[in-house]
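Reading the structure
Okay, here's what each chain looks like letter by letter:
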Amino acid sequence: MGDLGVRALFLALLLGAILSAPASGQIFRWLAFGDSITEAWSDTAGLGGYPGRLENDLNCTPSTCEVVNKGQSSETAAEGVTRIDTVLNNTGPYDVAFIMEGTNDIWGPNNINNVSIPTILFNLNTMANKAESRGTEAVPTSIIWLYPGAHPRNTPRNPLVQDLRDQLQSSASTNSRLFVDQWSILCPGGQTSCFNQHYWHDSETGLPDPVGHPDASGFRQMTDEFFSRINSTPVPGPATPTSPSGDTGDNTPTLSWTIGSSVGASWYQVRITGPGGTPFQAWVKASQACSGANSGNTCSTDVTSPLNDDNYNWQVMSRNARGRSAWSSQLSFTVGASIIFKDGLESGNSSAWSETSP
């Protein structure tokens, strides 16, 4: 099968999965969070950089999915730590957040002394943690090479770009996060011909951009890498709830499920419904909820808000960076023991009984 055939197959499979997204009541949403490279002011084709192209490649429609561009020019990673709260609170919820920051930290005139790679990495992980605290899968993304020779700062600082990439990749592995390695895609090694072909040049002077922003062809390469990474694992199927089931005296029970067909899930959403609506609903990270970081068979999470004595149903939804499963089948349980009074013994059921005082 040729490249076009593979892409068509990927698109068909992904579209079919995304069409099931309304099972959760929301379309599937990716957030593109970063600086001017994400904002895409240098996109000579006017297609919205990698976020716009990715949304097109995913065949998103208003009822299925979207890629939201929240890039901001000249932003440092420290500034992103503050801004991401506003974005997540005011424009969320999101299923996935691509986080690509650090270029302005490394390239800035004083930052080689004032902002270390560990500090940049700390700020990137803080952004990722903030996304995950809201049930959004964080996908850290390496920054691309600075254009050697386009500015005196670029060439000596490219080793810092590589250092950040290496540490970010290691951190992503430690934290069970999908990692998108744009550093390895756009001109690794600093080939001049690659920069001339894929980086932006001033249309009037012909000079290269001092920092090194992609042009239309560079954004195309970036988009292909994002598309490839989120398609590296199929959309998971539903998990299988196992307990609680039946009567329980625990009003903050532990919800347990087996992975079932949800192999490849990176997150799970659990939901309890009852007579009063939905008393508990939460996203939990598979690496924290499941034995063996989702390579085992069982997962669990605790209900954090006490439930009233009543009858409930609960179920699980699986998700990864590519899409969501449908909700699993429901499992029923009752909080509070069923009381059978003395007169009820006439039915022959004496498993639980109480005698009223006269």
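All of the points below concern the structure found in this document. (Residues numbered from 1 in each chain as written. Predicted model: local features only at pLDDT ≥ 70, side-chain atom pairs only at ≥ 80, totals over all residues. Heavy atoms only, no water.)

Notes on the nonpolar core
Counting residues in each nonpolar core, the largest one holds 61 residues, and the members touching the most others are Trp30 and Phe98. If one sorts the elements of this core by residue count, helix H7 (residues 117-133) sits on top with seven residues. Residues contacting Phe98, with those up to four places away along its chain left out, are Trp30, Leu31, Ala32, Phe33, Tyr50, Leu54, Val139, Thr141, Phe226 and Ile230. Judged by nonpolar contacts, the second largest core, of 22 residues, contains Leu255, Ala286, Cys290 and Val303. (Core = buried A, V, L, I, M, F, W, Y, C linked by side-chain atoms within 4.5 Å. Buried < 20%, exposed > 50% of the residue type's maximum accessible area, 1.4 Å probe, protein only. Helix = DSSP H or I, 4+ residues; strand = E, 2+ residues; numbered from the N terminus. Contact = heavy atoms within 4.5 Å.)

Side note on the state of the cysteines
For the structure on display, the rule yields three disulfides. A sulfur-sulfur separation of 2.1 Å characterises the disulfide bridge that pairs Cys290 with Cys299. Torsion about the S-S bond of the Cys290 and Cys299 cystine: about 100°, corresponding to right-handed handedness. Each of the two residues, Cys290 as well as Cys299, counts as buried. Counting only the cysteines that form disulfides, in the order they appear in the chain, gives the pairing 1-2, 3-4, 5-6. (Disulfide = S-S within 2.5 Å.)

Things to note about the packing of aromatic side chains
Per the counting criterion, the structure on display carries 11 aromatic pairs. Ring centres of Tyr50 and Phe226 lie 4.1 Å apart, and the angle between their planes is 15°; this geometry places the pair in the stacked category. Taken together, the positions of Tyr50 in helix H3 (residues 49-57) and Phe226 in helix H10 (residues 216-230) put the pair 176 residues apart, joining distant regions of the chain. A cation sits over an aromatic face here: Arg153 above Trp107, 3.9 Å from the ring centre. (Phe/Tyr/Trp six-rings, centres within 6.5 Å; stacked < 30°, edge-to-face > 60°. Lys NZ or Arg CZ within 6 Å of the ring centre and 35° of its normal.)

A look at the environment of Cys194
Here Cys194 shows up in helix H9 (residues 192-198). For the pair Cys194 and Gly218, spaced 24 residues apart in sequence, the C-alpha separation works out to 9.3 Å. Setting aside chain neighbours within four positions, we find Cys194 in contact with Leu186, Cys187 and Tyr199.

Description of the sheet that holds strand E3 (residues 96-100)
Read from one edge of the open sheet, four strands run E2-E1-E3-E4, paired in parallel fashion. With one partner strand each, in any of the chains shown, strand E2 (65-71) and strand E4 (137-140) form the two edges of the open sheet. Averaged over neighbouring strand pairs, the angle between their axes works out to 20° when direction is ignored. Bridge analysis of strand E1 (residues 28-34) against E2 gives seven bridges, and the strand direction is parallel. Looking at E2, one finds that Leu31 is bridged to Val68. (Pairing = 2+ DSSP bridges. Axes fitted to C-alpha atoms, helices over the stretch in contact; angles between N-to-C directions.)

Comments concerning H10
End to end, H10 covers 21 Å across 15 residues, agreeing with the expected 21 Å (1.5 Å per residue, within 8%). Looking at H10, one finds that the buried residues are Ala216, Gly218, Phe219, Met222, Thr223, Glu225, Phe226, Phe227 and Ile230. (Expected span 1.5 Å × (residues − 1).)

Concerning the pattern of salt bridges
Summed over all chains, the structure comprises 13 salt bridges. Put simply, Arg220 and Asp57 hold a salt bridge, and the shortest N to O gap is 2.4 Å. Residue Arg220 is found in helix H10, and its partner Asp57 is found in helix H3; the two are separated by 163 residues along the sequence. With a relative accessible area of 28%, Arg220 lands in the partly exposed category. With relative accessibility at 11%, the residue Asp57 sits in the buried group. Arg165 is the salt-bridge partner of Asp166, the closest N and O atoms lying 2.7 Å from each other. In this structure Asp166 comes out as partly exposed when scored by relative accessible area, which is 32%. By relative accessible area, Arg165 is classed as buried at 14%. Linked by salt bridges that have partners in common, Asp57, Arg220 and Asp224 make up one network. (Salt bridge = Lys/Arg side-chain N within 4 Å of Asp/Glu carboxyl O.)

A short note on the environment of Val180
On the secondary structure map, Val180 appears in the loop between helix H8 (154-174) and H9. Each C-alpha atom of the pair Val180 and Leu168 lies 10.0 Å from the other, and the pair is 12 residues apart in sequence.

Overview of the packing of helix H4 (residues 77-91) against H7
Between two packed helices, both the angle of their axes relative to each other and the distance between the axes serve to describe the pair. The contact between H4 and H7 brings their axes to 8 Å, and the two run at 10°. By the angle class used here, H4 and H7 are roughly parallel. Residue-level inspection shows Ala77, Ala78, Gly80, Val81, Ile84, Asp85 and Leu88 of H4 in contact with H7, the latter providing Ile120, Asn123, Thr126, Met127, Lys130 and Ala131. Of the residues contributing to the contact of H4 with H7, the split by class is eight nonpolar, three polar and two charged. (Parallel < 35°, antiparallel > 145°, perpendicular 65-115°, else oblique. Nonpolar A, V, L, I, M, F, W, Y, C, P; charged D, E, K, R; others polar.)

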